[in-house]
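Overview (structure and organization)
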Amino acid sequence: MSVAVRLEYRPDIDCLRAFAVISVIGFHYELPGFGGGFVGVDVFFVISGYVISRLIWAGLAADSFSFLTFYERRARRLLPALYLLILVTGIAGYVLVPPSDYRMFFGSAISTLLFSSNIFFWMETGYFDLPTMGKVLNHTWSLSVEEQFYFLFPVITWLWSKLFRDPASKSSLALVIAGTMALCIVDELLIKNSASAAFYLAPLRAWEFLIGSIAFFLLRWSPVGFSARCAYGLMGLALMLIPVVMFRPETRFPGLHALIPCLGAALFIIAFNQDDGRPRLPFEDAGAFVGRLSYALYLWHWPVFVLGRAALPLDVASSNAGTMTLLVCSALLAYLSHIAVERPIRACTAWNGLRVSGLIAGTAAVLMAVGIHGFSHEGYAGRFPASQERMLRYNAQAVAPFYRTHSCFLQPDEPLSHYDSGACLTPAADRRNILLAGDSIAAHYGWGLRDYLPAAYHLMQLTSAACAPFVELQQEFSRSCNDANRLLREEIRARRPAAVIVSGNWRVYVEVYGRAAAPGFDSYLGALLKEAEDAGIPVLLLGPSLEFPAPLAQTLFNYERTHLPVANSLKPVEASFKADERLRAIARSHPGVQYVSVLDAICSLRACPTRVDPETPITWDIIHLTPEGSKFVVSKLKPQLDAFLSRLSPPPEAKLKEFVAGRSATPRDASSQVQ
């Protein structure tokens, strides 16, 4: 093999690891300037592809590569620290985590031990997701992707070496590059149809590892001059920094957008590929130190963040001092884990006469047994009083029947073909048909509206998650959104409903589309209202929903359990009231629209209800109503709803019956007048 492979230490790789882990931590801790810090995971994937390719091809070149040795080294590198994390998090969870979340923790722990947590979290992904305590191991999805890569890549590389003794030959390199681009394009195409699969599944992330392999294969073409090295390094750094600063969680990702930081990481690696004359990086010692801690930092930062935010009052946890405290705790735990577990076990294959690999396997078996026991016992539900547990009885799965999820309310990954138009959009011939349209906020009113409406009315429902009801705006986050809004426009133009009730997460849409540089929230909403006006259909526009800064049910649960002060956690989000005023102003310019301020109806001087009864919060997360909350809010809107219903004309069947009844009564009335 003509590729020169030497496994000397490369501090630039550790500096790159430091960049990646700082980016991820900055994103998760919501630090300014790290809105796209999630791309640090993609940088890690490129680094892994490079390091593993370098290691395997070195062994193949020396005819010393062993699958068993490779897997044992990976196990000693990754698993002991991960097992310590699971153990410590599980103990903390017993004290802090409610049963439903604790059960999910055990499920995620089992999947992590089986190297499949990316599949677990892919299957658990939903529109309502928040960083709940049940997902304290959510970050391990990337570790499972890497572990799955480690299982398959050595076999594929060994087979590849039988075809191409020199992996850097033109034919080999061309095929690898072509395969990498093909996988990247497939990833991009699948984002629209299944964004969560494109994000979580290893086959759709494999191209990022292959970019790292390509960086290794390009060794002989890597720059040697100082100026060229600096140019490559600075260009790579820029391509990584730009996404960290410019990307946002709503950015279409991974796909082609992920190609930017991945190419940046590859260019940075290529800049320092050649041994001779490798320049020293600024702050290299500090960067290399953080890089050596990067795995431990990645492991600990997320559980500390999730459990810390859950245990502390929101004002404290989200303050600068609280964030700094959680960061310091993450760093201390990472350092202790690194020096006490990670570093010693990496350096030895036996301990007191026992093989480390056997100890790792035994530890995994014990943790697996504990996980299965905890999962099967529903997260040890008897740990807390029943009244506290009932406070947390609702989640995305529990409210699905009330929201009519997967039939009348589509999730972001679901196409419009999953919409049950027969059950959700078929008008009733003998009743007044009212169409409820919008996103999840509209869907959470459905239960209360169906309970409130008299028998003479029929509620149809057309709702799609994360989809603003804007008929003239193309939206990409939800797979069904654009089709749902086209269907909404068709229904209005066909005059099928007698009235339309529109709602949405207005506070978010005002912030996203109402900025000075944005095309205009007012015009998007106005276009929908004008469609209804032109069709002569009355519109009931429901204002912003009640929103809290932290998950309400969890906040109430924590307060009842600890009686620690909750500060502003139970106060509604102030921006919702500002959005309320903006929608009120828009509605004034549309005579056919009746505006209803939900906040005015249920709140008094910014004091808003938090519970429907002692065991039932009004919302189960930060904004979405519980079924009881839906009925409660709709009951508070009764005067406005009654006024709106009085405007509606009778259904065609009722008009015909009245007309027939009127004709049959006229002769009798006339004869009586004659007499």
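Please refer to the structure higher up on the page.
The paragraphs below set out a description of the structure included in this document. (Residues numbered from 1 in each chain as written. Predicted model: local features only at pLDDT ≥ 70, side-chain atom pairs only at ≥ 80, totals over all residues. Heavy atoms only, no water.)

Counting 99 residues, the largest nonpolar core has Leu16, Leu82, Leu137 and Leu299 as its most contacted members. Element by element, the count of residues in this core is highest for helix H2 (residues 40-61), at twelve residues. In contact with Leu16, not counting residues within four places along its chain, are Val43, Ile47, Met240, Ala265, Phe268 and Ile269. With 39 residues, the next largest nonpolar core counts Met460, Leu528, Ile586 and Ala587 among its residues. (Core = buried A, V, L, I, M, F, W, Y, C linked by side-chain atoms within 4.5 Å. Buried < 20%, exposed > 50% of the residue type's maximum accessible area, 1.4 Å probe, protein only. Helix = DSSP H or I, 4+ residues; strand = E, 2+ residues; numbered from the N terminus. Contact = heavy atoms within 4.5 Å.)

For the rest of this paragraph, the subject is the state of the cysteines. Counted according to the given criterion, the structure contains three disulfides. With its sulfur 2.1 Å from that of its partner, Cys467 forms a disulfide with Cys481. With the S-S bond torsion at 75°, the cross-link from Cys467 to Cys481 turns out right-handed. Of this pair, Cys467 sits in the loop between strand E5 (457-464) and helix H21 (481-493) while Cys481 sits in helix H21, placing them 14 residues apart in sequence. Judged by relative accessible area, Cys481 falls into the buried class, the value being 0%. Disulfide partner of Cys603: Cys608, at an S-S distance of 2.0 Å. Across the S-S bond of Cys603 and Cys608 the torsion is about 115°, and the bridge reads as right-handed. The class of Cys603 is buried, set by a relative accessible area of 12%. By relative accessible area, Cys608 is classed as buried at 14%. Cysteine Cys184 shares no disulfide, and the gap to the nearest cysteine sulfur, in Cys262, comes to 8.1 Å. (Disulfide = S-S within 2.5 Å.)

The first and last C-alpha atoms of helix H7 (residues 170-193) sit 35 Å apart over 24 residues, in line with the 34 Å expected at 1.5 Å per residue. For H7, the full list of buried residues reads Ser172, Leu173, Val176, Thr180, Cys184, Asp187, Glu188 and Ile191. Among the structural elements, helix H6 (141-163), helix H8 (195-200), helix H9 (206-217) and helix H11 (255-271) are those in contact with the buried residues of H7. (Expected span 1.5 Å × (residues − 1).)

Another point: the packing of H21 against helix H23 (residues 521-534). Where H21 contacts H23, the two axes come as close as 8 Å, and the packing angle between them is 25°. Classified by the angle between their axes, H21 and H23 sit roughly parallel to one another. As H21 runs across H23, the sense of the crossing is right-handed. Contacts between H21 and H23 involve Leu488, Arg489, Ile492 and Arg493 from the former and Leu528, Glu531 and Ala532 from the latter. In terms of residue class, the contact of H21 with H23 is made up of four nonpolar, no polar and three charged. (Axes fitted to C-alpha atoms, helices over the stretch in contact; angles between N-to-C directions. Parallel < 35°, antiparallel > 145°, perpendicular 65-115°, else oblique. Left-handed = near helix turned anticlockwise from the far one by under 90°. Nonpolar A, V, L, I, M, F, W, Y, C, P; charged D, E, K, R; others polar.)

What follows covers the pattern of salt bridges. The full count for this structure, using the stated rule, is 33 salt bridges. As a salt-bridge pair, Arg165 and Asp63 come within 3.5 Å of each other at their nearest N and O atoms. Of this pair, Arg165 sits in the loop between H6 and H7 while Asp63 is found in the loop between H2 and helix H3 (67-96), placing the two residues 102 residues apart along the sequence. Note that Asp285 is salt-bridged to Arg280, the shortest N-O span being 2.9 Å. Pair check on accessibility: Asp285 and Arg280 agree, each one exposed. (Salt bridge = Lys/Arg side-chain N within 4 Å of Asp/Glu carboxyl O.)

In this description, a pair of aromatic rings is defined by centroid distance and the angle of the planes. Throughout the structure, instances matching the rule amount to 46 aromatic pairs. Judged by centre distance (5.1 Å) and plane angle (80°), the rings of Phe199 and Tyr200 are edge-to-face. On the basis of relative accessibility, which here comes to 24%, the residue Phe199 falls in the partly exposed class. Each member of the aromatic cluster is reached from another via a ring pair, and the members are Phe45, Trp141, Phe149, Tyr150, Phe153, Phe199, Tyr200 and Phe209. Above the plane of the ring of Tyr94 lies Arg383, whose end atom (NZ or CZ) is 5.2 Å from the centre. (Phe/Tyr/Trp six-rings, centres within 6.5 Å; stacked < 30°, edge-to-face > 60°. Lys NZ or Arg CZ within 6 Å of the ring centre and 35° of its normal.)

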